[in-house]
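Each chain, written out:
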Amino acid sequence: SPVTLVEFADPQCTYCGVWEREALPAIVARYVRPGKVRITFEGMAFVGADSETALRTALAASGQKRFWNVLALLYQNQGVENTGWVTDSLLRTIGGAVPGLDTDRMLADRNSTDVDNAVARASSLGVPRPK
């Protein structure tokens, strides 16, 4: 694709959820599927503890090529910030709704080196640098 859109988002962020549910599907249909734009995701966890759990779970699903599926379902089931809405029960339900996803593996991989590295990379990219 000639253009890359880098999305910095927190799975618990209300505004990020609105973007995912209302704007992103049209962008994917109009630009991504025809090959005009490539979207990459750099996950942030700035809202609270649920952010970290949700982000790590979605990133763990990327090892099975199911990242976008899990992220979309997290946003579709997004609860009120910092209320503990990201439970293992919810994550198991989300995992079970994604065809071809091994939910137990996804949950186990949340603390993998690959996920740690993805979180660290995104965090370093999102930090303002001194001029």
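None of these values were measured; they are calculated from a predicted model.

Some words on the packing of aromatic side chains
Applying the stated rule across the entire model yields three aromatic pairs. With a centroid separation of 5.0 Å and 50 degrees between ring planes, the pair formed by Phe-41 and Phe-67 is classed as tilted. Of this pair, Phe-41 sits in strand 2 (residues 37-43) while Phe-67 sits in helix 3 (residues 67-76), placing them 26 residues apart in sequence. Judged by relative accessible area, Phe-67 falls into the buried class, the value being 10%. Through successive ring pairs, a cluster of aromatic residues spans Phe-41, Phe-67 and Trp-68.

So, the pairing of strand 1 (residues 3-9)
Here strand 1 runs beside strand 2; their pairing, made up of seven bridges, is parallel. When the bridges of strand 2 are listed, Val-6 appears paired with Thr-40. Read as a crossover between parallel neighbours, the route from strand 1 over helix 1 (residues 14-32) to strand 2 is right-handed.

Topic: the environment of Val-119
Checked against the element boundaries, Val-119 lands in helix 6 (residues 113-126). Val-119 sits 67 residues away from Glu-52 along the chain, and the two C-alpha atoms are 9.1 Å apart. If near-sequence neighbours (up to four positions away) are discounted, Val-119 is found in contact with Leu-55, Arg-56 and Leu-59.

Considerations on the packing of helix 1 against helix 3
In contact at an axis separation of 9 Å, helix 1 and helix 3 are set at 110 degrees when each is read in the N-to-C sense. Considering the angle they form, helix 1 stands roughly perpendicular to helix 3. Crossing hand, helix 1 versus helix 3: left-handed. For the pair formed by helix 1 and helix 3, the contact residues are Cys-16, Gly-17, Glu-20, Arg-21 and Leu-24 on the first element and Trp-68, Leu-71, Ala-72, Tyr-75 and Gln-76 on the second.

A closer look at a nonpolar patch on the surface
Together, Val-6, Phe-8 and Leu-125 give the surface a local cluster of nonpolar side chains, amounting to about 240 Å² of exposed area. Mapped onto the elements, Phe-8 comes out in strand 1. Residue class for Phe-8 comes out partly exposed when judged on its relative accessible area of 39%.

Focus on the nonpolar core
In globular proteins that are soluble, nonpolar side chains generally tend to be buried together. Grouped together as the largest cluster of nonpolar side chains are 29 residues, with contacts concentrated most on Leu-59, Val-70, Leu-74 and Met-106. Sequence-distant contacts of Leu-59, that is, excluding residues within four places in its chain, are made with Phe-67, Val-115, Ala-118 and Val-119.

Some thoughts on helix 2 (residues 49-61)
Compared with an ideal rise of 1.5 Å per residue, which puts 13 residues at 18 Å, helix 2 spans 19 Å between its outermost C-alpha atoms and is within 8% of the ideal. Summarising burial for helix 2: 10 of the 13 residues are buried, a large majority. When helix 2 is considered as a whole, its buried residues turn out to be Asp-50, Ser-51, Ala-54, Leu-55, Arg-56, Thr-57, Ala-58, Leu-59, Ala-60 and Ala-61.

Topic: the side chain of Glu-42
Along the chain, Glu-42 turns up in strand 2. Taking the relative accessible area as the measure of exposure, Glu-42 reaches 9% and is therefore buried. Side chain to side chain, Glu-42 and Arg-121 meet in a polar contact 3.3 Å long. Residue contacts for Glu-42: discarding those within four places in its chain leaves Val-6, Glu-7, Phe-8, Ala-9, Arg-121, Ala-122 and Leu-125.

Calculation notes
- Residues numbered from 1 in each chain as written.
- Predicted model: local features only at pLDDT ≥ 70, side-chain atom pairs only at ≥ 80, totals over all residues.
- Heavy atoms only, no water.
- Phe/Tyr/Trp six-rings, centres within 6.5 Å; stacked < 30°, edge-to-face > 60°.
- Helix = DSSP H or I, 4+ residues; strand = E, 2+ residues; numbered from the N terminus.
- Buried < 20%, exposed > 50% of the residue type's maximum accessible area, 1.4 Å probe, protein only.
- Pairing = 2+ DSSP bridges.
- Right-handed = clockwise from strand over helix to strand, strands pointing away.
- Contact = heavy atoms within 4.5 Å.
- Axes fitted to C-alpha atoms, helices over the stretch in contact; angles between N-to-C directions.
- Parallel < 35°, antiparallel > 145°, perpendicular 65-115°, else oblique.
- Left-handed = near helix turned anticlockwise from the far one by under 90°.
- Patch = residues over 30% accessible without salt bridge, like charges linked within 9 Å, V, L, I, M, F, W, Y side chains within 5 Å.
- Areas by Shrake-Rupley, 256 points an atom, 1.4 Å probe, with all protein chains shown as cover.
- Salt bridge = Lys/Arg side-chain N within 4 Å of Asp/Glu carboxyl O.
- Core = buried A, V, L, I, M, F, W, Y, C linked by side-chain atoms within 4.5 Å.
- Expected span 1.5 Å × (residues − 1).
- Polar contact = N/O pair within 3.5 Å; in protein donor to acceptor, adjacent residues only side chain to side chain.

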